[in-house]
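Structural characterization, general
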Amino acid sequence: MATHAAIQMVAQRQPLQLAQVPTVEPGDGETLVKVEWVCSTPLDLHQADGGLGTTYPNIVGDSIAGKIMKLGPNVENLKVGDKVFGFGWRSQKERAAQEYATYHQNLLGKIPSGISYQEAVTVPNNFVTVFHALTKDLDLPLPWPQPEQAPERASDPILYGYTNLIGTASKAHHAELKSFDATAVFDYRDPDIVPHIIAAIKPSQTPAIPFILDCIGSKSGSIEPISKIAQAGPTVAVLLPVIVRDSTVEEVPIYDMDPKSHANWAKDVTVRGVRTHFYLQDEFFATHLQPVVMPYMLEHGIVKPNRQRVVQGETFRDRAQNALDILRRKEVSGERLVWRVPDGEE
Ligand SMILES: NC(=O)c1ccc[n+]([C@@H]2O[C@H](COP(=O)([O-])OP(=O)(O)OC[C@H]3O[C@@H](n4cnc5c(N)ncnc54)[C@H](OP(=O)(O)O)[C@@H]3O)[C@@H](O)[C@H]2O)c1
């Protein structure tokens, strides 16, 4: 059986290891992808340090950019040599930090021309999360193709989404969020952020903020402050896990999956935990979100790649370990850690 190199988490908070794993032949509707670039996200740290949803050994990562090497039967819109990007997580063959990954065509989009691998790889995880969270957990339609008319609730104030956007971020990123048309942005480190947001909303409707997307899920950093703002019937969607204590060099993390139990919510607030790994339950998204909508929006500049920081390291394993260490030391701000899988120049 053919094998290839992969980087695995082998036990909680232990160094990552280089392993040889089986190269899985593409089955019905599947492709074999030579992985060129991957990105590291906070979930890698949750899994490596907190064992979140993980059985070890587990190959690192869930987002790839690379080249199609081989097609299984019934692959329709991809061919050998295509440059692709995608988000996959369901089994080891779809994990990211390995030389070859086996991906169903529905989990891949073609990279638009003019977009590099390292730019493209920052997109799929974020993109799928936003579409899933807004449609499934906030019940906000994101129809495709985009209709001529704005969606029904397009001007409702919301923490991230549609046209009336109230965001929170550290000060350094306010100008950038405003450039994405945020109506107002608040510094999440401001101890008076709650009264400042409430004063700025000047509610003309009830609830004043009907839809709130908590993109952080930190018990003290986002969930508790949001619970003070979410009054009179809004829906709050929290990206899981709830981070009760984040992983640091000194401390093991504590996670939970029930955002309702981590704040004193007003009783008419609907609180939901976002689980993007269920996005394939939506029949349309399962077949269109990554193959069709994602490349279109990237090509037309409707979504943009995250800013990237290229993680260096002499070997494949060193780059993976260095990225994980940067996440653990909290040295990431407004950028995605990206790194190359093959050694040497592109
Ligand atoms: N359940 C799901 O489906 C799902 C999907 C995707 C992600 N997630 C989870 O969502 C969390 C964030 O992931 P990510 O990829 O977005 O991480 P990220 O891009 O690294 O964003 C984290 C950054 O958010 C900022 N931040 C922290 N607290 C904030 C607050 N209260 N308000 C505004 N900004 C704040 C910090 O920026 P500064 O450096 O500027 O302070 C921090 O560096 C992770 O726990 C991840 O696992 C869950």
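Below: a short report on this structure. (Residues numbered from 1 in each chain as written. Predicted model: local features only at pLDDT ≥ 70, side-chain atom pairs only at ≥ 80, totals over all residues. Heavy atoms only, no water.)

1. What about helix H5 (residues 193-201)?
- Residues of H5 that are buried: Ile193, Val194, Ile197 and Ile201. The arc that holds every buried residue of H5, seen down its axis, measures 100°, which confines them to one face.
- Those residues of H5 that are buried are in contact with strand S10 (164-169), strand S11 (184-187) and helix H6 (219-229).
- Lys202, located one to two residues past H5, shows a positive phi value of around 45°. (Buried < 20%, exposed > 50% of the residue type's maximum accessible area, 1.4 Å probe, protein only. Helix = DSSP H or I, 4+ residues; strand = E, 2+ residues; numbered from the N terminus. Arc of directions from axis to C-beta. Contact = heavy atoms within 4.5 Å.)

2. Observations regarding the nonpolar core
- Counting residues in hydrophobic clusters, the biggest one holds 56 residues, and the most contacted among them are Ile64, Phe85, Leu108, Phe127, Leu289 and Trp339.
- Contacts of Trp339, omitting those with residues within four sequence positions, involve Glu36, Trp37, Val38, Ser40, Ala97, Val311, Phe316, Arg319, Ala320 and Ala323.
- Among the nonpolar cores identified, the runner-up in size contains 22 residues, and Phe186, Val238, Val242 and Val269 belong to it. (Core = buried A, V, L, I, M, F, W, Y, C linked by side-chain atoms within 4.5 Å.)

3. Observations concerning the site of the ligand
- Ser170, Tyr188, Val274, Thr276 and Ser333 are the nearest of the 24 residues found near the ligand.
- For the ligand, an oxygen atom lies 3.4 Å from a polar atom in the backbone of Val332.
- For the ligand, the protein covers 78% of the area, taking 940 Å² as the surface of the free molecule.
- Elements with a contribution of two residues or more to the shell around the ligand: helix H1 (42-50), helix H3 (124-137), S10 and H6.
- Top contributing element to the shell around the ligand by residue count: H1, with 3 residues. (Near = heavy atom within 4 Å. Polar contact = N/O pair within 3.5 Å; in protein donor to acceptor, adjacent residues only side chain to side chain. Areas by Shrake-Rupley, 256 points an atom, 1.4 Å probe, with all protein chains shown as cover.)

4. A short note on the layout of surface pockets
- The computed volume of the second largest pocket comes to approximately 200 Å³.
- Taken together, Glu76, Asn77, Leu78, Gln105, Asn106, Leu108, Gly109, Lys110, Thr287, Pro291, Val292 and Pro295 form the lining of the second largest pocket.
- Secondary-structure elements contributing two or more residues to the lining of the second largest pocket are strand S8 (108-110) and helix H7 (283-299).
- By residue number, the principal contributor to the lining of the second largest pocket is H7, which donates 4 residues. (1 Å grid on protein atoms, 1.4 Å probe; cavity = no way out; pocket = protein on both sides within 12 Å on 5 of 7 lines; lining within 4 Å. Points joined across faces, edges and corners; volume = space filled by probe spheres on them.)

5. Here we look at the packing of H5 against H6
- Where H5 meets H6, the axes come as close as 10 Å, and the angle between the chain directions of the two elements is 35°. The interaxial crossing formed by H5 with H6 has right-handed handedness. For the pair H5 and H6, the contacting residues are Val194, Ile197 and Ile198 in the first and Pro225, Lys228 and Ile229 in the second. (Axes fitted to C-alpha atoms, helices over the stretch in contact; angles between N-to-C directions. Left-handed = near helix turned anticlockwise from the far one by under 90°.)

6. A closer look at the packing of H3 against H7
- The interhelical angle for the contact between H3 and H7, taken along N-to-C directions, is 120°, at an axis separation of 11 Å. Judged by the angle between their axes, H3 and H7 are oblique. Considering how the two elements wind past one another, H3 and H7 form a crossing that is right-handed. Residue-level inspection shows Pro124, Phe127, Val128, Phe131 and Thr135 of H3 in contact with H7, the latter providing Phe285, Leu289, Gln290, Val293, Met294 and Met297.
- Class assignment for the residues of the contact of H3 with H7 results in 9 nonpolar, 2 polar and no charged. (Parallel < 35°, antiparallel > 145°, perpendicular 65-115°, else oblique. Nonpolar A, V, L, I, M, F, W, Y, C, P; charged D, E, K, R; others polar.)

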